[in-house]
Amino acid sequence: MPAEFADTHCHLDQLGSGAVAEAAAVGVTTIVAVSQESGSMRAVLDLGQRFPGRVLPGLGIHPCTVTDRGLDALTADLALLAERAPEAAVIGETGLDHKWATSAEQQAEQVHVLECHFDIAAQHRKPVNLHSRRCLRQTLEHAISFRRQTGLAAQMHWFTESSKLVRICNDEGIFVSAGPSVLSSSQAADVAGEIADDLLLLESDAPVPVGGVPGHPRRVREVAEKLARLRGLSLENLAEQLERNLRRYLGP
Ligand SMILES: [Zn+2]
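The structure contained in this document is the topic of the report that follows. Every residue gets a number counted from 1 within its own chain, in the order that chain's sequence is written. Reporting in this predicted model follows two pLDDT cut-offs: at least 70 for local features of residues, and 80 or more for side-chain atom pairs to be given and counted; totals over whole chains, interfaces and linings ignore these cut-offs and use all residues. Where side-chain values are given, they derive from all heavy atoms of the structure, hydrogens and water being excluded.

Digging into helix α2 (residues 38-50)
Going by this rule: Elements are defined by DSSP. Helices are runs of H or I of four residues or more, strands are runs of E of two residues or more, and each kind is numbered from the N terminus. Helix span, expected: 1.5 Å multiplied by one less than the number of residues in the helix. Burial classes: relative accessible area under 20% of the type maximum marks a residue as buried, over 50% as exposed, and values in between as partly exposed (1.4 Å probe, protein chains only). We call two residues contacting when some pair of their heavy atoms lies within 4.5 Å. Here a polar contact means two N or O atoms within 3.5 Å. Within protein one must be a hydrogen donor candidate and the other an acceptor candidate, and residues neighboring in sequence count only if both atoms are side-chain atoms.
Between the first and last C-alpha of α2 there are 19 Å, a value that for 13 residues agrees with the 18 Å anticipated at 1.5 Å per step. Inspection of α2 places Ser38, Ser40, Met41, Val44, Leu45, Leu47 and Gly48 among the buried residues, and these make up the whole buried set. Each element contacted by the buried residues of α2 is listed here: β2 (28-33), β3 (55-59) and α4 (75-84). One side-chain oxygen at the N-terminal end of α2 lies 2.7 Å from the backbone nitrogen of glycine 39; it belongs to glutamate 37.

Written out as structure tokens, the structure is:
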């Protein structure tokens, strides 16, 4: 059987309707479709129903949405998240982003919304999918306390900037996903090489372009080929390891 892979962080609702089949054609057969506000939450739930077992909905409010709209405007989004959480495979995309949140008040709003996600994830025993920009250590510290308090899985997405922080993830049992940046940045590839075998996940973050190439879940295949080479594994052995990791990440 040819090697199969999962894209564990993709904005699938922003891609064309053929993306699931195009990804599957190169062996990327499972996609975690994350969301950032109520419209995309509904869209990924619909995609999950259209592609059962192949598209896994992630429900969340992106930290950039929190800063764009402000906490007071998020009541309906938070209510939808709480209401539909039982249908989610993961809670996310959530996290912190200090590129967008520059004032103390904006940063505190992002933390508040992150903690709402953690409460909902804990209540429904779901893993969380975390974004972090310009505040990598702070986001990781929140992930660590979530994991220690709940025993649930946390994933740091596109977290290939710092070997030191990846080693902390390894010690704390936090999953880290590597994406197409490992194809264009040798530093990202080096950091991805530090992710523990049993905590590695792959992602595209499509449609975000990386290295001048438009984002697409099929790029996970290229990421897998590169990491298999770097780790001295066959593509099949890497696929088996990643499949076990995905199952542990998603939980029962
Ligand atoms: Zn994303």
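A look at the packing of aromatic side chains
The geometry of two aromatic rings is summed up by the distance between their centres and the angle between their planes. Stated formally: In this scheme Phe, Tyr and Trp rings, the latter by its six-membered ring, pair at centre separations within 6.5 Å, and the angle between planes marks the pair as stacked below 30 degrees, edge-to-face above 60, and tilted otherwise.
Scanning the model with the defined rule gives 2 aromatic pairs in all. Measuring from ring centre to ring centre gives 4.7 Å for phenylalanine 118 and phenylalanine 146, while their planes differ by 20°; the resulting arrangement is stacked. On the criterion of sequence distance, the pair formed by phenylalanine 118 in helix α5 (residues 104-124) and phenylalanine 146 in helix α6 (residues 136-150) is long-range, its members being 28 residues apart. The pair phenylalanine 118 / phenylalanine 146 is uniform in exposure class, with both members buried.

Examining the coordination of the zinc ion
Stated precisely, the cut-off is as follows: Note that water is not among the atoms used; donors are N, O and S atoms within 2.8 Å of the metal (3.2 Å for Na, K and Ca), so sites may look incomplete. Every geometry call rests on angle ranges, with four donors termed tetrahedral when all angles are between 85 and 135 degrees, four termed square planar and six termed octahedral when opposite donors are over 155 degrees apart and all others are between 65 and 115, and everything else termed irregular.
The zinc ion binds to the protein through His9 (NE2), His11 (NE2), Glu93 (OE) and Asp205 (OD), with metal-donor distances spanning 2.2 to 2.4 Å. Taken together, the 4 donor atoms coordinating the zinc ion and their angles of 81 to 163° define a geometry best described as irregular. In the primary structure, the donors to the zinc ion are separated according to the pattern H-x1-H-x81-E-x111-D. Linking histidine 9 in strand β1 (residues 5-10) with glutamate 93 in strand β4 (residues 90-97), this pair joins segments that are 84 residues apart in sequence. Owing to a relative accessible area of 0%, histidine 9 belongs among the buried residues under this scheme. With a relative accessible area of 1%, glutamate 93 lands in the buried category.

Focus on the state of the cysteines
Rule in force here: Two cysteine sulfurs form what is called a disulfide whenever their separation falls within 2.5 Å.
Inspection of the entire model under this criterion finds 0 disulfides. Left without a disulfide partner, cysteine 10 is nearest to the cysteine sulfur of cysteine 64, which lies 17 Å away. By relative accessible area, cysteine 10 is classed as buried at 0%. Sulfur of cysteine 64: no disulfide; nearest cysteine sulfur belongs to cysteine 135 and is 9.8 Å away.

A word on the environment of asparagine 245
Looking at the secondary structure, you find asparagine 245 in helix α11 (residues 235-250). Taking the C-alpha atoms as reference, asparagine 245 lies 5.9 Å from aspartate 198; in sequence the two are 47 residues apart.

Considerations on the sheet that holds β1
Let me state the cut-off plainly: A strand pair is defined by DSSP finding two or more bridges across the two strands. Each axis is a line fitted through C-alpha atoms, and for a helix only the stretch in contact is used; angles between axes span 0 to 180 degrees, taken between their N-to-C directions.
Taking strand neighbours across the sheet as the criterion, the 8 strands line up as β1-β2-β3-β4-β5-β6-β7-β8 in an open arrangement whose pairing is parallel. Single-partner strands in this sheet number two, and they are β1 and β8 (200-202). When strand polarity is set aside, the average angle formed by the axes of neighbouring strands in this sheet is 30°. Across 2 bridges, the pairing between β3 and β4 is parallel. Each residue of the ladder has a partner; that of glycine 58, found in β4, is valine 90.

Quick word on the pattern of salt bridges
Put simply, the rule is: Each salt bridge in this description consists of a side-chain nitrogen of Lys or Arg and a carboxyl oxygen of Asp or Glu lying within 4 Å of one another.
Under the definition given, this model contains 10 salt bridges. Among the salt bridges present, the one from arginine 69 reaches aspartate 77, with a minimum N-O distance of 2.6 Å. A residue is classified by how much of its surface remains accessible, and arginine 69, at 37% relative accessible area, is partly exposed. Ionic pairing is found between arginine 148 and glutamate 172, a salt bridge with its closest N-O pair at 2.6 Å. In this pair, arginine 148 is assigned in helix α6 and glutamate 172 in helix α7 (residues 163-172), connecting sequence segments 24 residues apart. Under the relative-accessibility criterion, arginine 148 is labelled exposed at 62%.

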